[in-house]
Amino acid sequence: MYAPLAMAPEGSYVVVEEIRAGPGLARRLAELGIMKGVVLRVVKSGPGPVIVERPLEGGSSPSPWRLVLGLGMAMKVLVRVS
Amino acid sequence: MVKVALAGNPNVGKSAIFNELTHGRAWVGNWPGVTVEKKVGRAKINGLDLEVVDLPGIYGLTAYTVDELIARNYIVEEKPDVVVDIVNASNLERNLYLTLSLLEMGINLVVDLNMIDIAESQGYRVDSSKLSRLLGVPVVATVATKRLGIDGLRKAIAEALKRRGEARRIVDYGPKVEEAVARLQSLIESRPELRSLYNPRWAAIKLLEGDQNVEERMRGYASGVEVVSLAGELRAMLEEELGVDLESWMVERRYEAASRIAQACLVQVKPRALTFTDLVDTVVTHKVLGIPLALTTFYMIFQFAFSVSAPLSTLIDWLFGGLLYDAVKGSALPELVKSLIADGLITGIGSILVFLPPIAFLFLAVSALEDVGYMARAAFVVDRVMYRFKLSGRSMIPLILGLGCNVPAIMAARPIEDENDRKATVLVAPCISCSARLPVYVVLAGAFFAGYVGSVILGMYVLGVAVALLLALVFRKTLFRGPSTGFIMELPPYMVPSTSNVAIKTWERTKRFLYKAGTVILLGAMAVWLLSVTGPSGYLGPSALEDPMLLESSWMGILGHALEAVFKPMGWDWRAAAALLFGFVAKEVVVGAMAIMYGVSEEGLSAALRSSFTPLTSLAYMTFVLLYVPCLATVAAIKGELGWRYAALAIAYELALAYVAALSVIGLGLLLGVS
């Protein structure tokens, strides 16, 4: 059972499992680094928009980038809370 | 001329590099067929004249977004001699994704590793010589905001101009996909007419990804049709074998390569501690504190913009309305010419320039906050509210600028990715009460609601915002139906804003406002002047502007009388109606026009108004002024963004809305027993 990113608890680490979006949107998310298998930390959780970051542990970048995803977008990214 | 293009993600300091290279010798145009801005400048390197083009900020090279398509088409069609890819050193992985995409196109690339100071403050540095080796292209480190490394960049560009670009194979798509790429590539290379269209390997990759833009162009040739259909077959076969969507597969491989290179080139200098950004974000994006903090910030922006600029506005008003006006009126020119210059030209120019200082300071504050990184956070905070009205946090900046002037507000809607969101934002922006409407409220509220002036004015602003948001919801549920593609935005690390960057941004926005609003308002002012000094009986002479009796027989007076019937239920007389006509040029003109028509000075207006309005009808009048036809410049801005049809729609809906709203005020008042 995967939960939408919008529902993931604040401060949790999640693994992106599925992106339920058309090719355009999936591509846009991928360009920004959100794709299947990526580990994210939920900095601010919903309801409403969420902020996620690419944590040290999961990625190469020592400076974790931060992204805002609107609620609609965050509902389309399905994650597993790890 | 030698062409150099600048490419890069948003938030990498691209415009700062552009400004450094061109020293401000730049101009703004539009990319063909779209409203996206095209910035072009001139630079001189080693005595060679260069044309520098600032490509839109992009994350990749797909054909899905307008910006990416523009950048791609420019590279394919204009074939720039060198492309400088500006990479944010503090966000290497994501930025390298674009670098790899650019390298695949086989262009002559120079990588500018910018913002190395931010990376260092975060505890690490980038090994630029290793990066250069891995990418196979020159890498220069810069800090554009502090003007460091710009000479190195110039040198690298000069060196690169001596070379030609070549495609580099850095991303490995796996044996099966690579085999398909090679097959398509050799087929393309065997056809001279296709070979010259794109870099063959890039075209092969894009065809496998199912890129419609490349497919379309290929289909223009008989041999291309064959290539496209082979690509389709190969794609279906590979998707079957790999069990995934091929496009996602390619993106993931590319991202993997970017990740690998980023990892190899990053040297951790000190462990990452809780950064300043983390700390500030905890407060600024707080669920409870976020919104009041944002509101306070916006309030301070306005306080700053209006207080600081007030003396300047007064000065301009005195200069145009007093000094120049009197000078012309007192000159020995013929009466007609004097009136044309003083009442038409000077009054027209003055009415625009009076708004210049507050708007310029508003731009300054917004540009500085954007540079600091706060605006992205505010958009996050506000998104929660906007979402209920089917807009996103992206619509926030346009609506805020709208409080200053609706024209820049409409232009600021451009970066909204979702077309439906963008259109809805543009259409509702005129409902936000701009500073030009303020004088009308001040005069009417002052005359009828002494002691409650502030509350009445605040009420008008709140009403404007509420109407704008509700209308957005209505538009998104009717005209622009369909799901929003959603809102996704980077949160850049906080930075000290660079003075030159903020100054240039402010200047560009202000210039655009002046140009756009200036030309239209001036033409409108001239038209109003003409309609006031002429009538069915012919030329009335400029004294019509001073004599209410004479003005009544001008075209303007006749139009006002015609409108009186329309506004009968609201109880406004022909003078109030005619003033609304003047307001079409620019809403602040309404006050001056009323003064002319009541035959009093602006100071004596209160008394005159009290004899023809009641508190209730004045409230209805204010509501009408808030919502009725946006001024000419705003209509022109809407036309520029969405075309004539939507501009007409805006006029129509606003008139209807204003009428209904004003009538409701009257009805409500009567119901409550006030008059």
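Structure: above.
I will try to describe carefully the structure that is included in this document. Small disclaimer: the values here were computed from a predicted structure and weren't measured. (Residues numbered from 1 in each chain as written. Chains lettered and ligands numbered in written order. Predicted model: local features only at pLDDT ≥ 70, side-chain atom pairs only at ≥ 80, totals over all residues. Heavy atoms only, no water.)

All names here are of chain B. Taking 1.5 Å of rise per residue, the 29 residues of helix 31 (residues 644–672) would be expected to cover 42 Å, and the 42 Å separating its terminal C-alpha atoms lies within 8% of that figure. For helix 31, the set of buried residues is Tyr646, Ala647, Ala650, Tyr653, Glu654, Ala658, Ala661, Ala662, Val665, Ile666 and Gly669. Buried residues along helix 31 sit in contact with helix 20 (419–428), helix 22 (453–477), helix 29 (615–627) and helix 30 (632–642). Backbone geometry just downstream of helix 31 places Gly673 in the positive-phi region, at approximately 85°. (Helix = DSSP H or I, 4+ residues; strand = E, 2+ residues; numbered from the N terminus. Expected span 1.5 Å × (residues − 1). Buried < 20%, exposed > 50% of the residue type's maximum accessible area, 1.4 Å probe, protein only. Contact = heavy atoms within 4.5 Å.)

Residues and elements named next belong to chain B. A cluster of nonpolar side chains, Leu312, Leu315, Trp318, Leu319, Leu323 and Leu324, forms an exposed patch at the surface whose accessible area comes to about 540 Å². As for its position among the elements, Leu312 is in helix 14 (residues 290–329). Leu312 gets classed as partly exposed once you look at its relative accessible area, which sits at 38%. (Patch = residues over 30% accessible without salt bridge, like charges linked within 9 Å, V, L, I, M, F, W, Y side chains within 5 Å. Areas by Shrake-Rupley, 256 points an atom, 1.4 Å probe, with all protein chains shown as cover. Salt bridge = Lys/Arg side-chain N within 4 Å of Asp/Glu carboxyl O.)

Here the focus is the pairing of strand 10 (residues 488–491) of chain B. Side chains Ile488 and Glu490 of chain B project from strand 10 of chain B onto one buried face, and the interleaved Met489 and Leu491 of chain B project onto a second face that is buried too. In this sheet, strand 10 of chain B lies alongside strand 5 (residues 66–69) of chain A in antiparallel orientation, the contact comprising four bridges. The residue of strand 10 of chain B that forms the bridge with Leu67 of chain A is Glu490 of chain B. (Pairing = 2+ DSSP bridges.)

Time to look at the interface of chain B and chain A. Opposite the 47 residues of chain B that make contact, chain A presents 37 residues. With both chains or domains summed, chain B and chain A bury close to 3,600 Å², and 58% of this area falls on carbon and sulfur atoms. Counting the contacts that link chain B with chain A gives four salt bridges. Across the salt bridge formed by Arg54 of chain A and Glu93 of chain B, the nearest N and O atoms sit 2.9 Å from each other. At the junction of chain B with chain A, the criterion picks out nine residue pairs in polar contact (both at pLDDT 80 or more). Breaking the side of chain B that touches chain A down by element, the ones donating at least two residues are helix 3 (92–104), helix 9 (200–209), helix 12 (246–265), strand 9 (266–268), helix 13 (276–284), helix 17 (374–388) and strand 10 of chain B. Along the lines of polarity and charge, the residues of the side of chain B that touches chain A split into 15 nonpolar, 16 polar and 16 charged. (Buried area = accessible area lost by both parts, 1.4 Å probe. Polar contact = N/O pair within 3.5 Å; in protein donor to acceptor, adjacent residues only side chain to side chain. Nonpolar A, V, L, I, M, F, W, Y, C, P; charged D, E, K, R; others polar.)

What follows concerns the pattern of salt bridges. Counted according to the given criterion, the structure contains 36 salt bridges over all chains. Between Glu68 of chain B and Arg28 of chain A there is a salt bridge, and its shortest N-O distance comes to 3.7 Å. With one member in each of two chains, Glu68 of chain B in helix 2 (residues 66–78) and Arg28 of chain A in helix 1 (residues 23–31) form a pair that bridges those chains. You'll find Glu68 of chain B and Arg28 of chain A in the same group, each marked buried. As a salt-bridge pair, Glu215 of chain B and Arg219 of chain B come within 3.6 Å of each other at their nearest N and O atoms.

Residues and elements named next belong to chain B. A full pass over the atoms with the stated rule returns five cavities of 30 Å³ or more. A volume near 170 Å³ is recorded for the second largest cavity. Lining the second largest cavity are 20 residues, with Cys405, Ala436, Ile521, Glu588 and Cys631 positioned closest to its centre. Those elements giving two or more residues to the lining of the second largest cavity turn out to be helix 15 (335–353), helix 19 (406–411), helix 23 (499–533) and helix 30. No other element matches helix 23, which puts three residues into the lining of the second largest cavity. Among the residues making up the lining of the second largest cavity, the classes are represented as 13 nonpolar, five polar and two charged. (1 Å grid on protein atoms, 1.4 Å probe; cavity = no way out; pocket = protein on both sides within 12 Å on 5 of 7 lines; lining within 4 Å. Points joined across faces, edges and corners; volume = space filled by probe spheres on them.)

Take the sheet that holds strand 10 of chain B next. The antiparallel open sheet is built from seven strands, whose spatial order is 1(A)-6(A)-2(A)-3(A)-4(A)-5(A)-10(B). Of all strands in the sheet, those bounded by a partner on one side alone are strand 1 (3–4) of chain A together with strand 10 of chain B. Strand contacts of helix 17 of chain B: strand 3 (39–44), strand 4 (50–53) and strand 5 of chain A together with strand 10 of chain B, with the helix running at about 140° to strand 10 of chain B, the strand carrying the most contacts. (Axes fitted to C-alpha atoms, helices over the stretch in contact; angles between N-to-C directions.)

Bringing unusual backbone geometry into the picture now. All names here are of chain B. With a phi angle near 50°, Asn46 is a residue other than glycine that sits in the positive phi range. Mapped onto the elements, Asn46 comes out in the loop between strand 3 (37–45) and strand 4 (48–54). We classify Asn46 as exposed; its relative accessible area is 73%. Residues other than glycine seldom take positive phi values, yet Lys79 does so here, at roughly 45°. In this fold, Lys79 is placed in the loop between helix 2 and strand 5 (82–88). Judged by relative accessible area, Lys79 falls into the exposed class, the value being 52%.

Residue and element names in this part refer to chain B. The strand order 2-3-4-1-5-6-8 describes an open sheet built from seven strands, whose pairing is mixed. Of all strands in the sheet, those bounded by a partner on one side alone are strand 2 (26–30) and strand 8 (139–141). The mean angle between the axes of side-by-side strands here comes to 25°, regardless of whether they run parallel or antiparallel. Of the pairings in the sheet, the one linking strand 1 (residues 2–8) to strand 4 comprises five bridges and is parallel in character. Bridge pairing links Val4 to Val52 in strand 4. Here helix 1 (residues 14–22) sits on the sheet in contact with strand 1, strand 2, strand 3, strand 4, strand 5 and strand 6 (109–114), set at roughly 40° to strand 3.

All names here are of chain B. When you line up the elements, Ser395 lands in the loop between helix 17 and helix 18 (396–402). Here Ser395 falls in the buried class, since its relative accessible area comes to 0%. For Ser395, the side chain forms a polar contact with the side chain of Thr425, separated by 2.9 Å. Look past the residues within four positions of Ser395 in its chain and what remains in contact with it is Met386, Ile416 and Thr425.

Residues and elements named next belong to chain A. By the bridge criterion, three bridges tie strand 2 (residues 13–19) to strand 3 in an arrangement that is antiparallel. Across the sheet, the residue bridging to Tyr13 is Arg41, located in strand 3. Pairing between strand 3 and strand 4: three bridges, direction antiparallel. From the neighbouring strand, Arg41 faces strand 4, where its bridge partner is Glu53. The hairpin turn running from strand 3 into strand 4, its antiparallel successor, is five residues long, and Gly48 in that turn takes a positive phi close to 105°.

Geometric values such as these leave the question of function open.
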